Amino acid sequence: MSQIKEKSRCSGCGLCGKVCPFNVIDVQKGTPATVRADRLHLCQRCGQCMAVCPTRFIQVDGLSYDDNLANIRPFGFGGEEFKTFLASRRSVRNFDQRDVPKEDIQKVIDAVQYAPFGSHPEKISMTVVNSRRIIESALPMIADFLDKIVTMIENPVSSFFIRKTTTPEVFNTVKNHLYPISKLGIYKLENGDHITRGAPVLILFHSDKTAEARTANSLIDATYAMLQAHALGLGATMVEVVPAAINQVKGLQALFQIPEKHEVSMSLVLGYPKYKYRRSISRPVQTVNWI
């Protein structure tokens, strides 16, 4: 919730009120900013008002100018350089056996704090599995779960139940993507680890099942983590089959210490790329409508 402190420092510029997405802050020209009591409950603690205030006048509960905000420094690349950076990133599916230094994993985690959000980002938790041994102990349970998908889809009763209890997106993903892969036995461990791809680190993004915008927030957080990993010379890939298995298999929830009321929305495998890619790959958007 936004608060006002040290009114003598307000310049009356009105910027805090202009950037507030829900008009929680009221600023009349030439007078100090005030908080609208009837809208205070709408404050999402996004910190926009604090970030734009020239005099550090606005204070949001839970945010500190010293601990959470820092002056923006000039960065050393423009639009073309950033495009090149994005084009050079690949979804890494082959990792070498080197351990990732804990300080680099921490940098990947720290990048998430700058991610935009849908609502209540503080409700997203991360579990970092920095142990290949633990990841490997989970693989048989994940592989067994994925193997059962074949039976479920081929059984008319269970297939009908899945279709009726999930969204069309989820059903089509299972039927048209996971099912054919599982049917060929690709996820069977005797064919190698095609689940976590030998990655030494697994990051799980999870939250209470009722948390607002939890799926969107997890995707955004994982994207920021993935880009930071690339900047550090690491490889990363989002893996959706891991969350699906964890949310259904109690043994996996216990192994990864996921709270009982939480669901995992996204996972990220992380490590050093085993191979070096020489070319970028572009995938044009299917349709672009200009209006």
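Quick note: structure is the one above.
Residues numbered from 1 in each chain as written. Predicted model: local features only at pLDDT ≥ 70, side-chain atom pairs only at ≥ 80, totals over all residues. Heavy atoms only, no water.

Caption draft 1: Examining the overall build of the protein more closely. Helices and strands together make up the secondary structure of the protein, namely ten helices and eight strands. If you line up the protein on its principal axes, its C-alpha atoms span 70 × 45 × 45 Å. Every one of the 291 residues in the protein was classed for burial, and the buried ones make up 36%. Of the contacts made within the protein by residues no fewer than 6 positions apart, 75% connect residues no fewer than 24 positions apart. As displayed, the protein offers around 18000 Å² of accessible surface, 53% of which is attributable to carbon and sulfur atoms. (Helix = DSSP H or I, 4+ residues; strand = E, 2+ residues; numbered from the N terminus. Buried < 20%, exposed > 50% of the residue type's maximum accessible area, 1.4 Å probe, protein only. Contact = heavy atoms within 4.5 Å. Areas by Shrake-Rupley, 256 points an atom, 1.4 Å probe, with all protein chains shown as cover.)

Caption draft 2: Region of the structure containing the packing of helix α5 (residues 132-154) against helix α6 (residues 156-165). Remark: α5 packs on α6, axes separated minimally by 5 Å, with the N-to-C direction vectors making an angle of 95°. If you check the angle between α5 and α6, you find them roughly perpendicular. In contact with Thr151, Met152, Ile153 and Glu154 of α5, α6 contributes Pro156, Ser158, Ser159 and Ile162. A class-by-class count of the residues in the contact of α5 with α6 yields four nonpolar, three polar and one charged. (Axes fitted to C-alpha atoms, helices over the stretch in contact; angles between N-to-C directions. Parallel < 35°, antiparallel > 145°, perpendicular 65-115°, else oblique. Nonpolar A, V, L, I, M, F, W, Y, C, P; charged D, E, K, R; others polar.)

Caption draft 3: Structural view of the nonpolar core. Ranked by size, the top nonpolar core spans 34 residues in total, and within it Ile195, Val242 and Phe256 carry the most contacts. When contributions to this core are tallied by element, the ones reaching two or more residues are α5, α7 (168-183), β6 (201-208), α9 (241-248) and β8 (262-271). Among all residues touching Phe256, those that are not within four sequence positions of it are Thr127, Val129, Ile134, Ala138, Leu202, Leu204 and Ile246. Counting residues in each nonpolar core, the second largest holds 17 residues, with Val112, Ile203, Ala222 and Leu268 among its members. (Core = buried A, V, L, I, M, F, W, Y, C linked by side-chain atoms within 4.5 Å.)

Caption draft 4: Representation of the sheet that holds strand β7 (residues 235-238). Read from one edge to the other, the open sheet built from four strands follows the order β5-β6-β8-β7, with strand pairing classed as antiparallel. Edge positions in the sheet fall to β5 (125-129) and β7, since each has one partner strand and no second. Direction aside, the axes of adjacent strands within the sheet are offset by 25° on average. Looking at chain direction, β6 and β8 are connected through eight bridges and run antiparallel. Note that in β8 the partner of Phe205 across the bridge is Met266. Helix α4 (residues 102-111) rests against β5, β6 and β8 of the sheet, and its axis sits at about 160° to β5. Its contacts with the sheet place α9 against β6 and β8, and it is angled at close to 140° to β8. (Pairing = 2+ DSSP bridges.)

Caption draft 5: Seen up close, empty space enclosed by the protein. Summed over all chains, the structure comprises three cavities of 30 Å³ or more. If you add up the space inside the second largest cavity, you get close to 70 Å³. Lining the second largest cavity are Cys10, Ser11, Gly12, Cys13, Gly14, Cys16, Val27, Ala33, Cys53, Pro54, Thr55 and Phe57. The residue makeup of the lining of the second largest cavity, split by class, is eight nonpolar, four polar and no charged. (1 Å grid on protein atoms, 1.4 Å probe; cavity = no way out; pocket = protein on both sides within 12 Å on 5 of 7 lines; lining within 4 Å. Points joined across faces, edges and corners; volume = space filled by probe spheres on them.)

Caption draft 6: Expanded view of unusual backbone geometry. One non-glycine residue, Asn23, lies in the positive phi region at around 50°. Among the secondary structure elements, Asn23 is positioned in the loop between α1 (15-19) and β2 (25-26). Here the phi dihedral of Arg45 falls at roughly 55°; this positive angle occurs in a residue that is not glycine. Considering the arrangement of structural elements, one finds Arg45 in the loop between β3 (34-35) and α2 (48-52). Judged by its relative accessible area of 38%, Arg45 falls in the partly exposed class.

Caption draft 7: Geometry of the environment of Gly14. Tracing the sequence through the fold places Gly14 in the loop between β1 (2-4) and α1. Sequence separation between Gly14 and Ala33 is 19 residues; the distance between their C-alpha atoms is 7.2 Å.

Caption draft 8: Local environment of the packing of aromatic side chains. Evaluated as defined, the whole model comprises one aromatic pair. For the pair Phe82 and Phe85, a centre-to-centre distance of 6.2 Å together with 25° between the ring planes defines the contact as stacked. Here Phe85 and Phe82 lie together in helix α3 (residues 79-88), a separation of three residues that amounts to about one turn. (Phe/Tyr/Trp six-rings, centres within 6.5 Å; stacked < 30°, edge-to-face > 60°.)

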